[in-house]
Amino acid sequence: METQGEIKATSAETFYPRDEDIEKWMANAFDMAKDALENGEVPVGCLMVYNDEVVGRGRNEVNETKNATRHAEMVALDQLLDRCRHSNLDVRSVCERTALYVTVEPCIMCAAALRLLNIPVVVYGCRNERFGGCGSVLDVSSADLPQTGNTFKCVSGHRAQEAVEMLKTFYKQENPNAPKPKTRKD
Ligand SMILES: [Zn+2]
């Protein structure tokens, strides 16, 4: 099965995003994150890009929907799936050529979803110290999990400081939806 591994590696290479793509799509993702912040949501925004076209976009909408799974990536993935359904496109072949641009490292849940859909490349801004699934807490992105889709590559650090500042601004705000903090023994 060595040959197959090589083919996979080569096809992922093809999708390594160019600097100008990163600039362009991340600017858009940051606009979404700002929109999240202005609406009392954790400031994370993302885009899914296939063939230089946006096939999904999302920002965190957990508070709005009162659904803890509605992270930006999940919102964007649902749009991608809808689009495939309506245009009769094969989900797998679209996903295998789609890059995700997101302002914050995907959490463990989202990283697992990205694996299951075979997204090959994720470009992200800052690390997600609390829940990161691409190395910060767990490395779901590159773990050897034969029953859970494919590994994906990460390109990190674009406008990271700005992404961190937005998160800090959010967590400093009074959040009426937040449960009472418990004392943590770290
Ligand atoms: Zn997530």
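What counts and how
- Residues numbered from 1 in each chain as written.
- Predicted model: local features only at pLDDT ≥ 70, side-chain atom pairs only at ≥ 80, totals over all residues.
- Heavy atoms only, no water.
- Helix = DSSP H or I, 4+ residues; strand = E, 2+ residues; numbered from the N terminus.
- Buried < 20%, exposed > 50% of the residue type's maximum accessible area, 1.4 Å probe, protein only.
- Contact = heavy atoms within 4.5 Å.
- Areas by Shrake-Rupley, 256 points an atom, 1.4 Å probe, with all protein chains shown as cover.
- Pairing = 2+ DSSP bridges.
- Axes fitted to C-alpha atoms, helices over the stretch in contact; angles between N-to-C directions.
- Disulfide = S-S within 2.5 Å.
- Donors = N, O, S within 2.8 Å, 3.2 Å for Na, K, Ca; no water.
- Expected span 1.5 Å × (residues − 1).
- Arc of directions from axis to C-beta.

(A) A look at the overall build of the protein. Per the secondary structure count, the protein includes 7 helices and 5 strands. Within the protein, the proportion of its 186 residues that are buried is 42%. Pairs at least 24 residues apart make up 62% of the contacts formed inside the protein by residues separated by at least 6 positions. Per element, the accessible surface of the protein, about 10800 Å² overall, is 50% carbon and sulfur.

(B) The arrangement of the sheet that holds strand β2 (residues 53-59) in detail. The strand order β2-β1-β3-β4-β5 describes an open sheet built from 5 strands, whose pairing is mixed. Of all the strands in the sheet, just β2 and β5 (153-156) have a single pairing partner and so form its edges. Direction aside, neighbouring strands of the sheet carry axes that sit 20° apart on average. Inspection of the sheet shows strand β4 (residues 121-126) paired to β5 by 4 bridges, in the parallel sense. Looking at the pairing, Val-123 lines up with Val-155 of β5. Set on the sheet, helix α2 (residues 19-38) makes contact with β1 (45-50), β2, β3 (98-104), β4 and β5; between it and β3 the angle comes to about 50°. Strand contacts of helix α7 (residues 160-172): β3 and β4, with the helix running at about 65° to β4, the strand carrying the most contacts.

(C) Expanded view of the state of the cysteines. Under the defined criterion, the tally for this structure stands at 0 disulfides. Cys-46 takes part in no disulfide bond, and the closest cysteine sulfur, belonging to Cys-110, lies 8.2 Å away.

(D) Structural view of the coordination of the zinc ion. Bound to the zinc ion are the protein donor atoms His-71 (ND1), Cys-107 (SG) and Cys-110 (SG), situated 2.1 to 2.3 Å from the metal. All donors of the zinc ion come from a single chain, and their spacing in sequence reads H-x35-C-x2-C. Judged by its relative accessible area of 9%, Cys-107 is buried.

(E) Representation of the side chain of Arg-59. By the secondary structure assignment, Arg-59 is in strand β2. Assessed through its relative accessible area of 11%, Arg-59 is described here as buried. Sequence-distant contacts of Arg-59, that is, excluding residues within four places in its chain, are made with Met-32, Asp-35, Ala-36, Asn-39, Glu-41, Val-44, Gly-45, Glu-64, Arg-70, Ala-72 and Val-75.

(F) Representation of α2 in the model. Spanning 20 residues, α2 covers 28 Å between terminal C-alpha atoms, matching the ideal 28 Å at 1.5 Å per step. All of the buried residues along α2 are Asp-21, Ile-22, Trp-25, Met-26, Ala-29, Phe-30, Met-32, Ala-33, Ala-36 and Leu-37. For α2, the angular spread of the buried residues around the axis is 165°, confining them to a single face. In this structure, α2 carries Glu-23 and Glu-38 as exposed residues pointing more than 90 degrees from its buried face. As for α2, its buried residues are in contact with β1, β2, β3, β4, β5 and α7. The positive-phi residue at the C-terminal boundary of α2 is Gly-40, with phi of around 70°.

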